[in-house]
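Residues per chain are reported as follows:
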Amino acid sequence: MIEIKNVSKWYGQFQVLTECTTQVQKGEVIVVCGPSGSGKSTLIKCVNALEPFQQGDIVVNGTSLSDRKTDLNKLRSHVGMVFQNFELFPHMTITQNLTIAQEKVLGRSKDEAREKGLKFLDRVGLMAQAEKYPGQLSGGQQQRVAIARALAMDPICMLFDEPTSALDPEMVNEVLDVMVELAKEGMTMMCVTHEMGFARSVAHRVIFMDHGRIVEDASKEDFFGKPRSDRAQQFLAKILHH
Amino acid sequence: MYEFDWSSIPGAIPLLANGLLITLEVTLTAIVVGIVWGTILAIARLGSNPVLSRLAAAYVNLFRSVPLVMVILWFYLIVPQGLKAIFGNDIGDIRLTSALVAFALFEAAYYSEIIRAGIQSVSKGQIAAGLALGFTPGQTMRLVVLPQAFRNMTPLLLTQAIILFQDTSLVYVIGLSDFFGTAYKVGDRDGRLVELLLFAGAVYFVICFSASLLVKRLQARFAK
């Protein structure tokens, strides 16, 4: 589904990604973790071309991102993305947030988009908030709406960029619950997150990054059982002992 | 001791109202055209095309670096002569037209700077979210960025409109009878210049002060 081949990226002279290679199979749930500044968010943003890269290639569902003929807007409309800061559109109601891209990008009718959007809003348990504005919702609720907004586009896979890092602790679980449910339904997911409980319960593989490199790419069992690299061991020791 | 005599004002009300209409016409045209053209300039300036970006910057810098009164004179004296030379035919009374064009083009430079700041006030994450949903960059600008930008900058746009309303009085240099120009002419005719100018000043004050109170209320609402 997603193939990342030898991707390198520079900001000017500074190299942020160094020869990253991995792939995500259909139905697989991958957790990407690592210390801050390790390039994990940058890597996931490369997957739907929100960040350009200078070397290597990423192929999503058979479409190469480095091919100049690729319609990046069209590709992005098939790849759901959830951001750290939710990024709901503050000038639109929740319903409008859920329907606008369906109408303007997928060309769905108003009624069809509304029906689909509300279906997903109901799934994340926020039907009562349909006519409110994002600013009237809590962070956890906003993030659940953001997930519903991405799902309403019928994505072939979902990218999560630290979806719980900006939330108050008591709201983390309501978002993780939605993500766990999605994973169990077989959605292909690539999640940048520090939630190791989430990784343990639903991830198939864990990728550990440090200084722009993929240091460890292992099955969940191997990663938590016997991480090969010292870096990953230290990282795990630090975040699991709290 | 100067003896005030306000008696020439009531009879001049229809004339003054006409003048006020011209003032409003110039103001509104400059606001509408200025905001539309200013938005285009701001987008060009922030865009990735270096040629368009430089052209937009040059336009804005040029108009912001010359006095408005000169721009009004250019468009009255020079541009029509050029057009006459090109097209050959005589042009009628172009005072109002040239004032409308001059103000619209001049104000666009100021509006474009306000709008540019407004666009930049919208977070990069919002743009990423728009693109991630499959919007084209154009749709992201139109549906996501501009509505938020305009909301953020409404008080500034209104403040600029108030300044513009006052500045329209400069059309007296091309003999156009706007509100101020009419007041001056009536005062001159009746030998009551002091009264007419005081009256005109009071009218400008009432309109502008009410408008700025409105802006303050809007600002308080947006700050919430």
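Throughout what follows, the structure given in this document is the object of discussion. The shown structure was predicted, so the numbers you read here are calculated from the model rather than taken from an experiment. One numbering rule holds for all chains: residues counted from 1, following each sequence as written. As a convention, the first chain written is A and the first ligand written is 1, with the rest following in written order. Totals for whole chains, interfaces and linings use all residues, but because this is a predicted model, local features are given only for residues with pLDDT of at least 70 and pairs of side-chain atoms are given and counted only at 80 or more. Hydrogens and water are ignored here; the side-chain numbers use all heavy atoms of the structure.

**Topic: the overall build of chain B**
The numbering of helices and of strands both runs from the N terminus, where a helix is a DSSP run of H or I of at least 4 residues and a strand a run of E of at least 2. When helices and strands are tallied, chain B shows eight helices and zero strands. Each helix and strand of chain B, placed in order from N terminus to C terminus, yields the pattern α-α-α-α-α-α-α-α. With the C-alpha coordinates of chain B rotated into their principal frame, the extents come out at 70 × 55 × 25 Å. When accessible area is computed with a 1.4 Å probe and restricted to protein chains, residues below 20% of their type maximum are described as buried, those above 50% as exposed, and intermediate ones as partly exposed. Looking at chain B as a whole, 42% of its 224 residues are labelled buried. The long-range fraction of contacts in chain B, counting pairs at least 24 apart against all pairs at least 6 apart in sequence, stands at 77%. The contact definition used throughout considers only heavy atoms, calling two residues in contact when any of these lie within 4.5 Å.

**Overview of the packing of aromatic side chains**
Working definition: rings of Phe, Tyr and Trp (its six-membered ring) pair if their centres are within 6.5 Å, and the pair is stacked with planes under 30 degrees apart, edge-to-face with planes over 60 apart, and tilted otherwise. In this structure the tally under the stated criterion is 14 aromatic pairs over all chains. Between the aromatic rings of Trp 37 of chain B and Tyr 59 of chain B, the centroid separation amounts to 5.6 Å while the plane-to-plane angle is 80 degrees, which identifies the pairing as edge-to-face. One end of the pair, Trp 37 of chain B, is in helix H1 (residues 8-46); the other, Tyr 59 of chain B, is in helix H2 (residues 50-64), and 22 residues separate them in sequence. Note on Trp 37 of chain B: relative accessible area 31%, which makes it partly exposed. One aromatic cluster in this structure is built from Trp 37, Tyr 59, Phe 63, Phe 106 and Tyr 110 of chain B. Over a ring means this: the NZ of a Lys or the CZ of an Arg is within 6 Å of the ring centre and within 35 degrees of the ring normal. In this arrangement the basic side chain of Arg 149 of chain A is found over the ring face of Phe 89 of chain A, its NZ or CZ atom lying 4.6 Å from the centre.

**Remarks on the environment of Asp 177 of chain A**
All names here are of chain A. Summarising the element assignment, Asp 177 is placed in helix H6 (residues 169-184). Its relative accessible area of 51% is what places Asp 177 among the exposed residues. Note: C-alpha distance between Asp 177 and His 194 (17 residues apart in sequence) is 15 Å.

**Looking at the sheet that holds strand S7 (residues 157-161) of chain A**
All names here are of chain A. Strands are labelled as partners when DSSP assigns at least two bridges between them. Pairing is mixed across the open sheet formed by six strands, whose spatial order is S6-S7-S8-S3-S9-S10. In this open sheet, the two edge strands, each paired with only one partner strand, are strand S6 (79-82) and strand S10 (213-219). Across the sheet, the mean angle from the axis of one strand to that of its neighbour is 15 degrees, orientation sign disregarded. Pairing geometry for strand S3 (residues 29-33) and strand S9 (residues 205-210), over four bridges, is parallel. Fitted lines through C-alpha atoms give the axes, limited to the stretch in contact for helices. The angle between two N-to-C directions lies from 0 to 180 degrees.

**Considerations on the interface of chain A and chain B**
Listed by partner, the interface residues are 20 residues for chain A and 18 residues for chain B. Carbon and sulfur atoms make up 68% of the area that chain A and chain B hide from each other, which totals about 1,500 Å². We define a salt bridge as a contact between a side-chain nitrogen of Lys or Arg and a carboxyl oxygen of Asp or Glu at a distance within 4 Å. Summed over the shared surface of chain A and chain B, the number is zero salt bridges. Whenever a nitrogen or oxygen atom comes within 3.5 Å of another N or O atom, the pair is scored as a polar contact, on the condition that within protein one atom can donate a hydrogen and the other can accept it, and that pairs from neighbouring residues in sequence are kept only if both atoms are in side chains. Scanning the region where chain A abuts chain B turns up four residue pairs in polar contact (both at pLDDT 80 or more). Listed by contribution, the elements that provide at least two residues to the side of chain A that touches chain B are helix H2 (72-78), S6 and helix H3 (94-104) of chain A. A per-class count over the side of chain A that touches chain B returns twelve nonpolar, four polar and four charged. By buried area we mean the combined loss of accessible area, with a 1.4 Å probe, across both parts when two parts are placed together. Note on residue categories: nonpolar means Ala, Val, Leu, Ile, Met, Phe, Trp, Tyr, Cys or Pro, charged means Asp, Glu, Lys or Arg, and polar means any other residue, Gly included.

**Focus on empty space enclosed by the protein**
Grid points spaced at 1 Å over the protein atoms alone were grouped into cavities, where a 1.4 Å probe fits but cannot get out, and pockets, open sets with protein on both sides within 12 Å along at least five of seven lines, with lining residues defined by an atom within 4 Å of a point. Grid points are joined across faces, edges and corners, and a volume is the space filled by probe spheres set on the points. One pass over the full model with this rule turns up one cavity of 30 Å³ or more. Quantified by volume, the largest cavity comes out at close to 90 Å³. In this structure, the largest cavity is lined by 14 residues; those nearest its centre are Gly 80, Met 81 and Ala 150 of chain A together with Ala 132 and Leu 133 of chain B. The set of elements that each furnish at least two residues to the lining of the largest cavity consists of H2, S6 and helix H5 (139-151) of chain A together with helix H5 (124-132) of chain B.

**Brief notes about the pairing of strand S4 (residues 55-60) of chain A**
Residue and element names in this part refer to chain A. As judged from the five bridges shared by strand S1 (residues 2-11) and S4, these two strands associate in the antiparallel manner. Within the sheet, the bridge partner assigned to Glu 3 lies in S4 and is Val 59. With two bridges connecting them, S4 and strand S5 (residues 63-64) associate as antiparallel partners. Across the sheet, the residue bridging to Val 60 is Thr 63, located in S5.

Everything listed is a geometric property; what it means functionally is a separate question.
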